[in-house]
Amino acid sequence: MMYDYLIVGAGLFGAVFSYEATKQGKTCLVIDKRHHIGGNIYTEKQAGIDVHKYGAHIFHTNSKKIWDYVNQFAAFNRFTNTPIANYHGDIYNLPFNMNTFHQLWGVVTPDEAKEVIERQKQQAGVTHPTNLEEQAISLVGTDIYEKLIKGYTEKQWGRLATELPAFIIKRLPVRFTYDNNYFNDRYQGIPTEGYTHIIEQMLEKSDVRLGIDFFDDKDHYQQLAKKTVFTGMIDQYFDYVDGTLDYRSLRFETELKPISNYQGNAVVNYTDSDTPYTRIIEHKHFNFGTQPDTIITKEYPSDWKKGDEPYYPINDEKNNALYLKYKQRAEKETNVIFGGRLATYKYYDMHQVIGAALETAERALSHDQ
Ligand code: FAD
């Protein structure tokens, strides 16, 4: 049988596209090289707890349309992301807000906090930041930079802040209210049955084959359908002809602890440079779990080389220019649609992927009527 669409990647982009296509009576074959659906939002039950296998995933959006869309597939709880920072055993609230400033300096009012930040910015005397350290100090002063930004950022990028370009930090949100909510969006939560359950429903009417790498037999898989939706790495699709796009990778270390509560919060960032990981996630707190045991994951940033999991694109000038070359090739490719974070070389939050997949599906399906 000839499918209407071959969808490479059972992640969020591929799943939304296949849901929209099958809803309109199209047939879809979805393949994924992993042995599970869901891509990076995959959650797996362990000891009764939904474990976010590829890092903490908190759904948030300002769009009522996107919020209503995901709510068709899941009930969401009232989880609000309120991460904390651990700097050498001292605890600070994030994002930077009045609670943080009180913890740092004992200040109580917004004017007092503004005065400290302004004084530190003046004392640093940075007028033209030439690197990330100078940029951060010019935005929030020395204390916040030293305790909450420096170590974390250096671990994230694997380089000293003085060797990182200033453009990485364009702005640093500073809030002069006692508000620990990490996101500003109107809607936020965690699906009570896990993210995988959402993807299962989206893929219900598609044929799904797992453990299949498209590149093992690209021509064969493409011949199975009239059109391909490709959500893998765009440079790999073109056999790296123009060069390899760079990424940062992550390593996750997950442990079951025979205690009910390990750290009292879903996300704790380690902002010193001595601790080798950037954060610890305690999965049960995403769902207010009351299980007798707990599961934690330590997240270690790492360099990336071909074959490693590509997590974060490095959108510097060199890589963006290279991506543009691949994008031009993609535009000439007939009957192939490129979408999702890997095929567009872009960091996308989940709500953005859904928005992009809905737009892409609408455009593609209106042509195919
Ligand atoms: P993916 O999920 O990567 O799906 C692509 C799929 O294609 C994968 O399953 C892959 O195996 C498959 N594939 C690739 N190549 C091939 C091939 N050759 N053959 C077959 N299959 C292939 N977003 C939020 O909104 N909130 C958060 O809190 C949040 N936290 C995050 C934390 C981390 C650590 C990371 C890395 C991302 C986070 N995100 C978050 C972003 C979120 O993960 C993405 O928006 C989403 O997963 C992107 O979906 P996708 O379908 O584009 O890509």
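Residues numbered from 1 in each chain as written. Predicted model: local features only at pLDDT ≥ 70, side-chain atom pairs only at ≥ 80, totals over all residues. Heavy atoms only, no water.

Per an unreviewed UniProt entry, the protein goes by the name UDP-galactopyranose mutase and belongs to Halolactibacillus miurensis. The UniProt entry for the protein carries the following text under Cofactor (unreviewed entry): "FAD". Reading the Sequence similarities (unreviewed entry) entry of the UniProt record for the protein gives the comment "Belongs to the UDP-galactopyranose/dTDP-fucopyranose mutase family." (UniProt positions renumbered as here; feature names shortened; annotations may be inferred.)

On domain assignment, one finds that the protein holds domain 1 (3–77 + 187–246 + 308–367) and domain 2 (96–168). When each unit is reduced to the centre of its C-alpha atoms, the spacing between domain 1 and domain 2 is 36 Å. (Domains from an automatic or database assignment.)

Contacts to the ligand come from 31 residues, most closely from Asp32, His57, Arg341, Tyr348 and Met350. One of the backbone nitrogen or oxygen atoms of lysine 33 is found 3.1 Å away from a nitrogen atom of the ligand. Contact distances for the ligand include 2.7 Å between an oxygen atom and a backbone N or O atom of methionine 350. Taking 1,000 Å² as the accessible area of the ligand by itself, protein coverage stands at 97%. Of all elements in the fold, only α1 (12–23), α11 (340–343) and α12 (350–367) reach the threshold of two or more residues within the shell around the ligand. For the shell around the ligand, the residue count by class is 17 nonpolar, eight polar and six charged. (Near = heavy atom within 4 Å. Polar contact = N/O pair within 3.5 Å; in protein donor to acceptor, adjacent residues only side chain to side chain. Areas by Shrake-Rupley, 256 points an atom, 1.4 Å probe, with all protein chains shown as cover. Helix = DSSP H or I, 4+ residues; strand = E, 2+ residues; numbered from the N terminus. Nonpolar A, V, L, I, M, F, W, Y, C, P; charged D, E, K, R; others polar.)

Along the polypeptide, histidine 351 turns up in helix α12. The exposure class assigned to histidine 351 is buried, which follows from its relative accessible area of 16%. For the pair histidine 351 and glycine 25, spaced 326 residues apart in the sequence, the C-alpha separation amounts to 25 Å. Every residue in contact with histidine 351, bar those within four places of it in the chain, is listed here: Phe59, His60, Thr61, Ile66 and Asp185. (Buried < 20%, exposed > 50% of the residue type's maximum accessible area, 1.4 Å probe, protein only. Contact = heavy atoms within 4.5 Å.)

This part takes up α12. Here α12 is 18 residues long and its end C-alpha atoms lie 26 Å apart, about the 26 Å a rise of 1.5 Å per residue gives. Taken residue by residue, α12 has Met350, His351, Val353, Ile354, Ala356, Ala357, Leu358, Thr360, Ala361, Ala364 and Leu365 as its buried positions. Looking at the buried residues of α12, the elements they touch are β1 (3–8), α1, β5 (59–61), α2 (64–71), α7 (195–202) and β16 (336–338). (Expected span 1.5 Å × (residues − 1).)

This part covers the packing of aromatic side chains. Remark: the centre distance and the inter-plane angle together describe each pair of aromatic rings, the angle taken between the planes. Taken as a whole and assessed by the stated rule, the structure comprises 30 aromatic pairs. On the basis of an interplanar angle of 85 degrees and a centroid distance of 4.9 Å, the ring pair of tyrosine 19 and phenylalanine 73 is categorised as edge-to-face. Of this pair, tyrosine 19 sits in helix α1 while phenylalanine 73 sits in the loop between α2 and β6 (84–87), and the two are 54 residues apart along the sequence. Residue classification places phenylalanine 73 among the buried positions, given a relative accessible area of 5%. (Phe/Tyr/Trp six-rings, centres within 6.5 Å; stacked < 30°, edge-to-face > 60°.)

Per the stated rule, a full pass over the model turns up 18 salt bridges. Notably, a salt bridge pairs lysine 64 with aspartate 68, separated by 2.7 Å at the nearest N-O pair. Note that lysine 64 and aspartate 68 are positioned in helix α2 at a spacing of four residues, about one turn of the helix. Note on lysine 64: relative accessible area 48%, which makes it partly exposed. The partner of arginine 279 in a salt bridge is glutamate 299, and the shortest N-O contact between them spans 3.0 Å. Of this pair, arginine 279 sits in strand β13 (residues 279–282) while glutamate 299 sits in strand β14 (residues 294–303), and the two are 20 residues apart along the sequence. By the burial criterion, arginine 279 is buried, and glutamate 299 matches it. Residues joined by salt bridges that share partners form a network here, namely Glu255, Lys257 and Lys298. (Salt bridge = Lys/Arg side-chain N within 4 Å of Asp/Glu carboxyl O.)

Turning our eyes to something else, we now look at the sheet that holds β1. Judged by pairing direction, the sheet is parallel, and its five strands sit side by side in the order β9-β2-β1-β10-β16 without closing on themselves. Each having just a single partner strand, β9 (207–210) and β16 make up the two edges of the open sheet. Between one strand and the next, the sheet's axes are offset by a mean angle of 20 degrees, whatever the strand orientation. Bridging between β1 and strand β10 (residues 225–230) involves five bridges; their strand directions are parallel. (Pairing = 2+ DSSP bridges. Axes fitted to C-alpha atoms, helices over the stretch in contact; angles between N-to-C directions.)

Turning next to the packing of helix α4 (residues 110–124) against helix α5 (residues 132–140). At a closest axis distance of 7 Å, the pairing of α4 and α5 adopts a crossing angle of 140 degrees. When the axis of α4 is compared with that of α5, the two are oblique. Taking contact as the criterion, the partners of Ile117, Lys121 and Ala124 in α4 are, on α5, Ile137, Ser138, Leu139 and Val140. (Parallel < 35°, antiparallel > 145°, perpendicular 65-115°, else oblique.)

On to α2. Of all the positions in α2, only Ile66, Trp67, Tyr69 and Val70 are classed as buried. What you see down the axis of α2 is that its buried residues fit within an arc of 160 degrees, all on one side. Buried residues belonging to α2 abut α1, β5, β8 (187–189), α7 and α12. Between the side-chain oxygen at the start of α2 and the backbone nitrogen of lysine 65 there is a gap of 3.3 Å, and the oxygen is on serine 63. (Arc of directions from axis to C-beta.)

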